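Observations on chain architecture
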Amino acid sequence: MKSFIYALIAVALIATGCKKGPSPVKPDDNKPPVDKIAELNKKITGKWLYPTFRSKVVDNTGTVLIPDFYIGHASAFEFDGNNTFTEYASVQITNTSTYLIHKKNGLNYLDFGPGNSFRIQTLNDTTLELTDTIPANGIPNAKQIYYYKHIKMKAADTAAKFRVWVTSDSINTLFTYITNAIRPGAPLSIHKIVDYKLGLAGQSPFYYVYDHAILPGDLVTLSMDCLQPRTFCYIYYKGVIIYDYRFTQNGLWKIVSNPIPPN
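What you see is a predicted model; the values in this text were computed from it and never measured. (Residues numbered from 1 in each chain as written. Predicted model: local features only at pLDDT ≥ 70, side-chain atom pairs only at ≥ 80, totals over all residues. Heavy atoms only, no water.)

Another point: the packing of aromatic side chains. Here the structure, examined in full by the defined rule, presents 19 aromatic pairs. Taken together, a centroid distance of 5.1 Å and an interplanar angle of 80° make the contact between Tyr-50 and Tyr-236 edge-to-face. Here the residue Tyr-50 occupies a position in strand S1 (residues 46-59), and Tyr-236 occupies one in strand S16 (residues 231-237), the gap between them amounting to 186 residues. With respect to class, Tyr-50 is no different from Tyr-236; both count as buried. A centroid spacing of 5.9 Å and a plane angle of 35° characterise the contact between Tyr-234 and Tyr-236, whose relative ring orientation is tilted. Each member of the pair, Tyr-234 together with Tyr-236, is buried. (Phe/Tyr/Trp six-rings, centres within 6.5 Å; stacked < 30°, edge-to-face > 60°. Helix = DSSP H or I, 4+ residues; strand = E, 2+ residues; numbered from the N terminus. Buried < 20%, exposed > 50% of the residue type's maximum accessible area, 1.4 Å probe, protein only.)

Set out below in structure tokens:
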């Protein structure tokens, strides 16, 4: 009898040792832990300025079919850290909506609504970089990649001045003239050349920063004399792109802004 009891105890111990505990809950890869969401929201909170927006097309092997080119109207963003953001499509146009940060296959994504999901490539104290990849329109077995880059706002970015960002594949042929038209429609509009720059080879891309004040209603005009077709620029006011229209006149490429609204 005692031997039988020992045998039962041994069987119970073996069964206990072999019994599997509850299976660990597999985390939903699309829903990172709350602390991770909070950490990312904390990092992204604030205003992200001086946006640049470029794209290229590559085939399935990574061969570049269409090299980098810049796109005109890149938006600045301001995130409240609680899933609400303001989009500054330009100085003149703003929109407010909701955003969501999620994780997929170990990567972080920023959603601005259905069909607007961007991978967060870089998010730190100074830089926010986003990418988006879609099938290339009209090109089989190819994809188009979009790159967005923003800089975190600093105190100096609130000053009433504007910055011009220029890139070119041959900077040494670039002449830039800034003309400030004071209060269009006034009895006497004053036009003056504020500054001009001659870029040097190897300085692409680069910034011009102008410290003179811009008054509400001023019309800022950028005129460029450049022999290279792959020249591009943005005009920023307080770090946000000024909505503009672009045209050629007498062989010059010109950019003319809409009036800056009152602060």
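Next comes the rest of the description.
Below, the discussion takes up the environment of Gly-72. Within the element layout of this structure, Gly-72 appears in the loop between strand S2 (64-70) and strand S3 (76-79). Relative accessible area serves as the criterion here: at 19%, Gly-72 is assigned to the buried category. The spacing of Gly-72 and Arg-54 is 18 residues in sequence and 8.8 Å in space, taken between C-alpha atoms. Those residues in contact with Gly-72 that sit more than four places away from it in its chain are Phe-232, Tyr-234 and Ile-241. (Contact = heavy atoms within 4.5 Å.)

This brings us to the pairing of S2. The pairing of S1 with S2 spans four bridges and is antiparallel. Note that in S2 the partner of Ser-55 across the bridge is Phe-69. In this structure, the hairpin formed by S1 and S2 is closed by a connection of four residues, where Gly-62 is found at a positive phi of approximately 95°. (Pairing = 2+ DSSP bridges.)

Right, let's talk about the confidence of the model for the protein for a bit. For the protein, per-residue confidence averages 76 on the pLDDT scale, and 63% of positions sit at 70 or higher. Per-element averaging of pLDDT across the protein places helix H1 (residues 2-18) at the bottom with 34 and S3 at the top with 97. For residues 1-27, every residue scores under 50 in pLDDT, and the model assigns this stretch zero contacts once sequence neighbours within four places are set aside. (pLDDT = per-residue confidence, 0-100.)

Inspection of the secondary structure assignment puts Asn-41 in helix H2 (residues 34-44). When the C-alpha positions of Asn-41 and Gly-81 are compared, they lie 4.7 Å apart, and in sequence the two are 40 residues distant. Not counting the four nearest positions on each side in its chain, Asn-41 is found in contact with Gly-81, Tyr-99 and Ile-101. Polar side-chain contacts of Asn-41 include one of 2.5 Å to the side chain of Tyr-99. (Polar contact = N/O pair within 3.5 Å; in protein donor to acceptor, adjacent residues only side chain to side chain.)

Once that is clear, we can look at the pairing of strand S9 (residues 127-135). Bridge count for strand S8 (residues 117-123) against S9 is four bridges, and the pairing is antiparallel. Following the sheet pairing, Ile-120 is matched in S9 by Leu-130. Where S8 folds back on S9, the antiparallel hairpin that results is connected by three residues. Counted between consecutive antiparallel strands, the loop separating S9 from strand S10 (residues 142-152) contains six residues, among which Gly-138 sits at a positive phi close to 80°.

Considering the arrangement of structural elements, one finds Asp-111 in strand S7 (residues 107-111). Despite its burial, Asp-111 pairs with no opposite charge; the closest candidate is Lys-104, at 9.5 Å N-O. There is a polar contact of 3.0 Å between the side chain of Asp-111 and the side chain of His-102. Apart from the residues lying within four places of it in its own chain, the contact partners of Asp-111 are Thr-98, Tyr-99, Leu-100, His-102, Asn-116 and Ser-117. (Lys, Arg positive; Asp, Glu negative; His and termini not counted. Salt bridge = Lys/Arg side-chain N within 4 Å of Asp/Glu carboxyl O.)

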